[in-house]
Amino acid sequence: MEASEATAVQGYDPSQLRELLQVYYTWLFPYDRYFQWLQYGDIGTFSHREFSFTLPGDIYVRYKSFESQEEFERELKKDMPEKIDIGAVFSVQPSRHKKVPPANFKPVQKELVFDIDMTDYDEIRTCCKEANICNKCWKFITVAMKTVDRALREDFGYKHILWVYSGRRGVHCWVCDREARFLNQESRVAVVEYLTLIKGGEHQVQKVKLPNHLHPSISSALNIIKHDFNTLMVEQDFLGTRDQCSKILSFFKDEKKKQELVAEFETQRYSSDTKWSRLVTDLKQQEHVNEVMLQWAYPRLDVNVTKGINHLLKSPFCIHPKTGRVCVPIDFKHLDTFDPMSVPTVSDLCQQLEKIEVGGEEKSRRLMYMKTSLQPYMSYFVRCFLNPLLQSLGTTARGEPTMEF
């Protein structure tokens, strides 16, 4: 049964987005923390950063840049964009790019980013399709995040990694280590190719073919996938139909045994996990078992998002206009309990704000989001991502109450 998007965003009315954004950008957008992150201890890094705003009517404005946090804040409150995208840091302020020769306008740095979208799992998930998601198919995203995060930390040595819910049906990963930010395009391509295993078009049945000797990264990925694969098998009912059985059995080579299993599966009312257990034990072909698990559960990355240093990516803390949900950071320590359907909408936050007594102090006003359901997401962002990042740069996040962090 598909979880309809309308049910997932109950209480949010897209026709009121403009009014809701006015409140959100005035009272709740975390300008201080956002600026501290993207300036990386150097105001020039922020002022040379490209932003794009999507305005009502799908008007897409690129090459915006801002001299200061104050200017950025003024522009957000004035334009009230329905979406904010973040681009590269350029050699020249992007807003001035038409005033310099094209050869002088070059990207200098950008976070190493990854995009995992649920629609890329439509050929294997059985509970939902297209933009719809539920907690059952969200497990694909959870497994993908664990797999990519492990590789980035253990294989590449990166430390400052931020995972962000896209607000609808996927997640974005921002690798913010200095070494990652200054990778050239060739290096970014090499990283994403290292993390890409599933290859082939929609009409190709087998998209994972393993060598005789597994790379340690693939072995590590399999260890992660094995932990959740039986749950996926049950919840997605991977072997629930004849066609599904045929697709998975096509990975294996023992034709006689395969025919025996097909005949047995058609006469016995086995559940998918029972069929899988029989298949694994009877066929005794672990390399093909591994190929199936990897094809059904290994991360499916949007390669173009990662390899292009000029590629824009939706900003954390903006609002998804279709769902109204905030693009919140995901607490990796509690990844298994993260529920995308429980992420606050801009409507939720505005209703909560109405019940808060507003103080006169500017500091109090700037931390208003800490009195709403954004609080746990912001606490995680500052404590587990921003502070370690800034400490590595020789500074710390300012102005946060010690009781929270």
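What you are looking at is a predicted structure, and each value in this text was computed from that prediction instead of being measured.

Read across the open sheet, the three strands follow the order S5-S7-S6; overall the sheet is antiparallel. Edge strands, defined here as strands with exactly one partner in the open sheet, are strand S5 (112–117) and strand S6 (161–165). Strand-to-strand twist of the sheet, defined as the mean angle between neighbouring strand axes without regard to direction, takes the value 15 degrees. Judged from the six bridges that link them, S5 and strand S7 (residues 170–175) form a sheet pairing that is antiparallel. By the bridge assignment, Leu 112 is partnered in S7 with Val 175.

What follows is about the pattern of salt bridges. Any two side chains of opposite charge can pair if their charged atoms end up close together. Evaluation of the coordinates by the stated rule reveals 24 salt bridges. Notably, a salt bridge pairs Lys 78 with Glu 75, separated by 3.7 Å at the nearest N-O pair. Of the two residues, Lys 78 and Glu 75 both sit in helix H5 (residues 69–79), three residues apart, roughly one turn of that helix. For Glu 75, a relative accessible area of 18% puts it in the buried group. Its salt-bridge partner being Lys 146, residue Asp 336 comes within 2.8 Å of it at the nearest N-O pair. Pair noted here: Asp 336 is in the loop between strand S8 (313–314) and helix H15 (346–354) and Lys 146 is in helix H6 (residues 135–155), with a separation of 190 residues, a long-range link. It is possible to trace a salt-bridge network through shared partners that takes in Lys 257, Glu 260, Glu 264, Arg 278 and Asp 282.

Quick notes on the rules
- Residues numbered from 1 in each chain as written.
- Predicted model: local features only at pLDDT ≥ 70, side-chain atom pairs only at ≥ 80, totals over all residues.
- Heavy atoms only, no water.
- Pairing = 2+ DSSP bridges.
- Helix = DSSP H or I, 4+ residues; strand = E, 2+ residues; numbered from the N terminus.
- Axes fitted to C-alpha atoms, helices over the stretch in contact; angles between N-to-C directions.
- Salt bridge = Lys/Arg side-chain N within 4 Å of Asp/Glu carboxyl O.
- Buried < 20%, exposed > 50% of the residue type's maximum accessible area, 1.4 Å probe, protein only.

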